[in-house]
Amino acid sequence: MKNSALKGALGALAVVGVALIAKKAIQRKRFIKGIFDEYGIKEKSPFGLADKIREMNEEDYQELKGKFKKEFHSRCCKKDHMCEA
């Protein structure tokens, strides 16, 4: 009986983990879609984004770069300040 309860608990934990990963993926997809809409990119691919970046001036590029850094920054070394750039 004890082994069965452990399997059930691990199964529930796995389901929660998958749900959290799916939630994060959906949030990132919405962010990218918002970027495409905000900058008027018709081609919804990395190539369309790259073409738009080539057309941007430096100020717009830095703004876009900051948005991506904010959205996709890593929290792996929050305690260590060695990753700050």
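Above this note sits the structure.
If you're wondering where the values come from, they're calculated on a predicted model, not measured in any experiment. (Residues numbered from 1 in each chain as written. Predicted model: local features only at pLDDT ≥ 70, side-chain atom pairs only at ≥ 80, totals over all residues. Heavy atoms only, no water.)

A.B. asks: I keep staring at the overall build of the protein and nothing clicks. Help me out?
C.D. replies: Scanning the protein from N- to C-terminus turns up 3 helices and 0 strands. Its helices and strands taken in sequence order, the protein reads α-α-α from the N to the C terminus. The buried share of the protein, reckoned over its 85 residues, is 13%. For the protein, the share of sequence-separated contacts (at least 6 apart) that also reach a separation of at least 24 residues comes to 50%. Counting only carbon and sulfur atoms, one obtains 62% of the accessible surface of the protein, whose full area is about 7400 Å². (Helix = DSSP H or I, 4+ residues; strand = E, 2+ residues; numbered from the N terminus. Buried < 20%, exposed > 50% of the residue type's maximum accessible area, 1.4 Å probe, protein only. Contact = heavy atoms within 4.5 Å. Areas by Shrake-Rupley, 256 points an atom, 1.4 Å probe, with all protein chains shown as cover.)

A.B. asks: Explain the nonpolar core here, please?
C.D. replies: Soluble globular proteins tend to pack their nonpolar side chains together in the buried interior. Membership of the largest hydrophobic core is limited to 8 residues, which are Phe-31, Ile-35, Phe-36, Tyr-39, Ile-41, Leu-49, Met-56 and Leu-64. When residues in this core are grouped by element, the largest group, 3 residues, is from helix H1 (residues 2–38). Excluding its chain neighbours within four sequence positions, the residues that come into contact with Ile-35 are Leu-49, Leu-64, Lys-67 and Phe-68. (Core = buried A, V, L, I, M, F, W, Y, C linked by side-chain atoms within 4.5 Å.)

A.B. asks: How should I be thinking about the pattern of salt bridges in this particular structure?
C.D. replies: One pass over the structure, following the stated rule, counts 4 salt bridges. For Glu-38, the salt bridge goes to Lys-67, with nearest N and O atoms at 2.4 Å. On the criterion of sequence distance, the pair formed by Glu-38 in helix H1 and Lys-67 in helix H3 (residues 58–72) is long-range, its members being 29 residues apart. Here Arg-54 and Asp-51 are joined by a salt bridge, their closest N and O atoms 2.5 Å apart. Taken together, the residues Arg-54 and Asp-51, both in helix H2 (residues 46–55) and 3 residues apart, mark about one turn of the helix. Relative accessible area serves as the criterion here: at 63%, Arg-54 is assigned to the exposed category. (Salt bridge = Lys/Arg side-chain N within 4 Å of Asp/Glu carboxyl O.)

A.B. asks: For this particular structure, what's the right way to read the packing of aromatic side chains?
C.D. replies: Working definition: an aromatic ring pair is given by the centre-to-centre distance plus the angle between the planes. In the structure shown here, the tally under the stated rule is 3 aromatic pairs. Their ring planes at 90 degrees and their centres at 5.5 Å tell us that Phe-31 and Phe-68 sit as a pair that is edge-to-face. On the criterion of sequence distance, the pair formed by Phe-31 in helix H1 and Phe-68 in helix H3 is long-range, its members being 37 residues apart. Consider the rings of Phe-31 and Phe-72, whose centres lie 5.7 Å apart with planes at 80 degrees: the pair is edge-to-face. Taken together, the residues Phe-31 in helix H1 and Phe-72 in helix H3 connect sequence positions 41 residues apart. By relative accessible area, which is 17% here, Phe-31 ends up buried. Among the aromatic residues, ring-to-ring pairing joins Phe-31, Phe-68 and Phe-72 into one connected group. (Phe/Tyr/Trp six-rings, centres within 6.5 Å; stacked < 30°, edge-to-face > 60°.)

Geometric descriptors of this kind do not, in isolation, establish any biological role.
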